[in-house]
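Structural overview
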Amino acid sequence: MNRFSPLALGFLALGLLLIKPAAALDLERFEFNDANGTTLTTAVNAINPTNLWSYAEQATTPGDDLTGDISTVQAGAYRIVTDSDFAPGIESRYLNIANTSSGRIYYSATLSSWNFGTYDNTNAEQFRLTFLDDDTGTSGSSVTAQAQIRRNPDTGSMEIFGDAIGTAGSFNIDQTVIVPNIQSQPFTLVLALDKDSNSYEIFYKSGTQPSQALGMGGVSRVRNANSIRMATNNMGAENFPPFVLTEQVNVDRIVVSDTNPLTDLITLDVNRVTGAMTLRNTSGASVTGITGVSLFSASESIDLTQLSGFSGTLTAGATQQLDISPAAAPGLWVRSPIEDVRAQLSISGGGVRTLDVNFINNGGVKWATGDLDFDGTIDADDYSILVANAETDLSSLSQAFAYQRGDLNGSGTNDVVDFSLFKAAYEDANGTGSFALLLTAVPEPASGALLAIVLLSTVSTRRRHGTCSMSPAKLNNRPADSFKLGRLGVLSVVAFLLMLVAPQAEAVFFEDFLFNDTAGTPLSALVNSANPGNTWDVDADTTDVVTNGLGQLNASLKANVEFGTNYIDINPGITTGLVYGVMELTWNFQSALDVNENEEIRLSFINADPRSTAVTAEFRITRTDTNVLELNGIAIGTGASNISASVLNGGSLVQTDKFIAVLAADLDNDTYEVLYSNNAGSSFATIGSGVLDPSRGIEAVRLTLNNDLSGDNVLLDRLYLADQLPIIVEPDLLTLRVHPKSGYAAIINDTTTVFDIDYYRVGSGDGSLLPGRWNSLQTRGVDAVDGPDAGSTAGDGIGERWTEAGGSDEDVLSESFLLSSSIVSAGEAIPLGGVVDLTGDEQLITFDYRDAAGGAVFAGNVEVSAGIAGDYNLDGTVDVADYTVWRDNASGLFTAADYTIWVNNFGSTGLASSAVSIPEPLSVLLAACACLSAVRLQRCQD
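These remarks concern the structure in this document.

1. A closer look at the overall build of the protein chain
Of regular secondary structure, the protein chain possesses 9 helices and 52 strands. For the protein chain, the residues scored as buried account for 54% of the 942 residues in total. By sequence separation, contacts in the protein chain at least 24 residues apart represent 70% of the contacts at least 6 residues apart. Accessible surface for the protein chain amounts to roughly 37200 Å². Of this, 53% is attributable to carbon and sulfur atoms.

Have a look at this one:
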């Protein structure tokens, strides 16, 4: 082995000491020392002279006094003053920058002064610094992260606020800081983006006061910093010369750099591996009079029992450990992928120094979602933690502690959603097909991309004692190439018939809300079964709108006359292909007619990030001044055209059958169409087609509820976005059969469909399950495989067989299969043992399962029936085992007559299916013809 001599080591050390740290590098810099009257688009870039601002003001021309925009360089500052009467909307200024997908980058503005003198709660003033994922430098709205000085519309105060937009990890900074309406001393605002850890921070400095940190938030893993935007809103002046400058912002300096321009910050290092926290005085001066340290986290990721505290003096360059035992986890920080710590020092006399929180170690990146043991890999050990805590109530724990027990989505429970997220993370980490293990007997499950699982849930279907109450239908979809917008003639008839008798491609669901959440769940907390974690940005005017516990969102709880707009981000945005926005609902408009403000329900495709009004296309269901309901289509932009309104249901205000409204956009041909069904999908009609602005796509979806809907019984059953046109069919489902005398249960397939499952759950609303009598798939080693462990025996390693949920009890019995799945063939039964206490309420039994291939979660049928006469354990065969069940008579319900039944049927096999019969192809064609005739008839009536 080569060794260095002491002399060589000495020279090496000396050389390292002589190497200077890399100097801070400004990437773009505008000093605004230009001549008075210089517009932003011609201001000098001192670093990159050919890279200049692009001004996307839509209503005025930069520097043109006649149109009301007088924002120019004045006395060494870019003075932003825009006539709010002339241009009341957001004004965006863009600059292209070198694409940043890793490392740190800082965007700062030094303001010499501002004056926000007029309070308008309908159009609040804003000054924004934004990193955009858009790569044009001339337009865009795909916000990665942004810092805002804005007017709070509720309080009227000016404040600093930080937000990020997009799925895959973005969240806002949970702290705001009030700033004065009028600022007469220099103020620096810094937006810092760290793409290695996908986080952002905001810093600020007012005058000679110490620099402060607002806090830390998360950014989307799939959004980068490719351009910057400087935006303002409602900067007011009079709308005729000479201008009275009532509001203005004076920008002295704009810089994009690789280093924070604020150098007097104190740093708090958070060790991702140990959880230890360390103060570092990086401010360049001693800080005296410290009376304490305060730590904050929205996810409650701080264990204060580990805090040792600190007071006194922190000298320049000194460090101070805050943990009682900093050497190893668990430390002061509770480990999870969520990094949202804020910290501050209290100074004697009432002063506060907020800290620059810097997460360190673990290679500079956050912990990956699914790495529950924090060893840097997602493997079977993590699955052991997940399954040990599966089906447990974690709602009493903090979000960070609950994550460590398998609550990956922050719902307060470890359930099938978390299993789906984990399985996707496992495959992302270990390679496509790592679950299938290349088994020829089991189809390879598809990998989830970036943890997004298609969780397509249907509400529960019940079948009791031979009766059938069908669930709201699962939506299957017409192949994309069989439908042309605006043409529902012969081609549609042919395509529809072919679709019913031929295989079809699976639809891609971008977003899907089934409203099967617990009663009282607000719109902001609804489960998105197609894109978990992507939730609604809810207007304050619709916060009272919640689910009713019956699979519906009760829009009639909106009891105000405001225009309630709710947005969901679409990431990545959609610019090509066919897109369908679908809303299922019922209503009964009984409230008094308000001719001053129509009651409306709108679904809109939006061309910009959430909270934008840039409508690409939308449909509106409107209660008109003549007291009828109309459906129409709207498109906005260059060349766009509307679709004339069609009166619904002959003017009736009552819709008891499910109404399905469809907004269909063809982004390749720049057209759109609005269709509807007023009979739960038995037939569809079109109200017409229109033209789209070719430059507009879909970056967000907006749900609007306008005016007071109380008393109108408006109930939404489902809302989703997909790539195919919906046609309603009833899905084939697995059934949980419960024997009415033995209490034995079995998963049965009484359909012709072959199912492939990797999760199931049997629930009881009154605790009537009997875990001691559970004959689980884990116990029997059903379909065990040999995984990547050292052993060569199938089922001897973690995840190689079905595994019981650690929280299984009298309320829930559940199992999952990490490395494979089980095929349930037509006519097959999977017995589970005598798990049901028949003294309980059978109506409260539920059954859910997960499709291993697509990730969809289905609420299966539940029926209480005997199946084959004499098959008391429901294994599909009448044999000696059934005699044992009769003899033991655990339920006390068997009689001598049941023994005779067993004798008479001994040796019988099968399921004795009570499933609804499947129509022959001829009857399918006849039904299709009838359906299309109804469409044609509806058109004639319209």
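2. Quick word on the packing of helix α2 (residues 380–388) against helix α4 (residues 416–430)
The contact between α2 and α4 brings their axes to 11 Å, and the two run at 180 degrees. The angle between α2 and α4 falls in the class roughly antiparallel. In this structure, α2 uses Ala 380, Asp 382, Tyr 383 and Leu 386 to contact α4, whose residues at the interface are Asp 418, Phe 419, Phe 422 and Tyr 426. When grouped by side-chain class, the residues that make up the contact of α2 with α4 number 6 nonpolar, no polar and 2 charged.

3. Some thoughts on the environment of Met 230
Structurally, the position occupied by Met 230 is in strand β15 (residues 225–233). Distance from Met 230 to Leu 95, taken between C-alpha atoms, is 8.5 Å for residues 135 residues apart in sequence.

4. With respect to the environment of Val 417
Position of Val 417 relative to the elements: it lies in helix α4. Its relative accessible area of 13% is what places Val 417 among the buried residues. In sequence terms Val 417 and Ala 856 are 439 residues apart; their C-alpha atoms lie 10.0 Å from each other.

5. Details of unusual backbone geometry
A cis amide bond, omega 0 degrees, links Asn 571 with the succeeding residue Pro 572. The phi dihedral of Leu 874 falls on the positive side, at around 60 degrees, and the residue is not glycine. Counting through the fold element by element, Leu 874 comes out in the loop between β52 (861–864) and α7 (880–888). Overall, Leu 874 belongs to the buried group, its relative accessible area being 4%.

6. Quick look at the sheet that holds strand β36 (residues 643–647)
Overall, antiparallel pairing links the 6 strands, which are arranged β31-β40-β33-β34-β35-β36 in an open sheet. The sheet is open, and its two borders are formed by β31 (563–574) and β36, each paired with just one other strand. In this sheet, neighbouring strand axes are inclined to one another by 10 degrees on average, regardless of whether the strands run parallel or antiparallel. In this sheet, strand β40 (residues 698–706) lies alongside β31 in antiparallel orientation, the contact comprising 8 bridges. Each residue of the ladder has a partner; that of Thr 565, found in β40, is Thr 704.

7. Describing the packing of aromatic side chains
Going through the model one piece at a time under the given rule, you end up with 30 aromatic pairs. Seen from their ring centres, Phe 509 and Tyr 720 are 5.2 Å apart, and the 45 degrees between their planes marks the pair as tilted. Of this pair, Phe 509 sits in strand β28 (residues 509–513) while Tyr 720 sits in strand β41 (residues 715–722), and the two are 211 residues apart along the sequence. An identical accessibility class is assigned to Phe 509 and Tyr 720; each is buried.

8. Overview of the sheet that holds strand β19 (residues 287–297)
Sheet strands line up and pair through hydrogen bonds in the backbone, either parallel or antiparallel. Taken together, the 4 strands give an open sheet; going across it, the order is β20-β19-β22-β23, and neighbouring strands pair in antiparallel fashion. Whereas interior strands pair on both sides, the edge strands pair on one side only; in this sheet they are β20 (312–314) and β23 (351–354). Strand-to-strand twist across the sheet, computed as the mean angle between neighbouring axes with direction ignored, equals 45 degrees. In this structure, β19 lies alongside β20, joined through 2 bridges in antiparallel fashion. Among the inter-strand pairings, Ile 290 is bridged to a residue of β20, identified as Gly 312.

9. Some points on the packing of α7 against helix α8 (residues 896–905)
Remark: α7 packs on α8, axes separated minimally by 10 Å, with the N-to-C direction vectors making an angle of 180 degrees. As summarised for this structure, α7 and α8 are arranged roughly antiparallel, according to the angle between their axes. Counting all contacts with α7, which are made through Val 880, Asp 882, Tyr 883 and Trp 886, the residues of α8 involved are Ala 896, Asp 898, Tyr 899 and Trp 902. For the contact of α7 with α8, a count of residues per class yields 6 nonpolar, no polar and 2 charged.

10. A look at the environment of Leu 663
Here Leu 663 is to be found in strand β37 (residues 654–666). Each residue touching Leu 663, except ones within four places of it in the same chain, is listed here: Val 579, Tyr 580, Gly 581, Leu 603, Phe 605, Ala 617, Glu 618, Phe 619, Tyr 672, Glu 673 and Val 674.

11. Notes on the nonpolar core
Formed by 72 residues in total, the largest nonpolar core has its most connected members in Leu 268, Met 277, Leu 279, Leu 736, Tyr 760, Phe 847 and Tyr 849. With 7 residues, the single largest contributor to this core is α4. Apart from residues no more than four positions distant in its own chain, Met 277 is found in contact with Leu 268, Asp 269, Val 270, Leu 295, Ile 302, Gln 320, Gln 321, Leu 322, Asp 323, Leu 332, Trp 333 and Val 341. Ranked by size, the runner-up nonpolar core spans 48 residues in total, among them Phe 515, Leu 523, Leu 526 and Leu 585.

12. Some words on the pairing of β41
The buried fraction of β41 is high, at 8 of 8 residues. By the bridge criterion, 4 bridges tie β28 to β41 in an arrangement that is antiparallel. Its bridge partner lying in β41, Glu 511 is registered against Leu 721. The sheet contact formed by strand β30 (residues 553–554) and β41 spans 2 bridges and is antiparallel. In the strand pairing of β41, Leu 553 is matched with Leu 716. As paired elements, strand β32 (residues 578–588) and β41 share 7 bridges and run antiparallel to each other. Bridge pairing in β41 places Tyr 580 opposite Ala 722.

Procedures and definitions
The residue numbering used here restarts from 1 in each chain and proceeds along that chain's sequence as written. For this predicted model, a pLDDT threshold of at least 70 governs which residues receive local features, and a threshold of 80 or more governs which side-chain atom pairs are given and counted, while totals over whole chains, interfaces and linings are taken from all residues. In computing side-chain values, all of the structure's heavy atoms are included and hydrogens and water are not. Helix and strand definitions follow DSSP, with helices as H or I runs of at least four residues and strands as E runs of at least two, each counted in order from the N terminus. Partly exposed residues are those whose accessible area sits between 20% and 50% of the maximum for their type, while under 20% is buried and over 50% is exposed, using a 1.4 Å probe and protein chains only. In what follows, residue pairs with any heavy atoms lying within 4.5 Å of each other are defined as contacts. The Shrake-Rupley method, run with a 1.4 Å probe sphere, supplies the accessible areas, and residue values consider only the shown protein chains as cover. Fitting a line to C-alpha atoms yields each axis, with helices limited to the stretch in contact; the angle taken between N-to-C directions then spans 0 to 180 degrees. Any angle from 65 to 115 degrees is called roughly perpendicular, while one under 35 is roughly parallel, one over 145 is roughly antiparallel, and all others are oblique. All residues other than Ala, Val, Leu, Ile, Met, Phe, Trp, Tyr, Cys, Pro, Asp, Glu, Lys and Arg, Gly among them, are scored as polar; the first ten of these are nonpolar and the last four charged. Strand pairing is assigned whenever DSSP identifies at least 2 bridges connecting the two strands. Each pair of aromatic rings taken from Phe, Tyr and Trp, with Trp reduced to its six-membered ring, is defined by centres within 6.5 Å and is described as stacked if the planes are under 30 degrees apart, edge-to-face if over 60, and tilted in the remaining cases. To form a nonpolar core, buried Ala, Val, Leu, Ile, Met, Phe, Trp, Tyr and Cys residues must be joined to one another through side-chain atoms within 4.5 Å.

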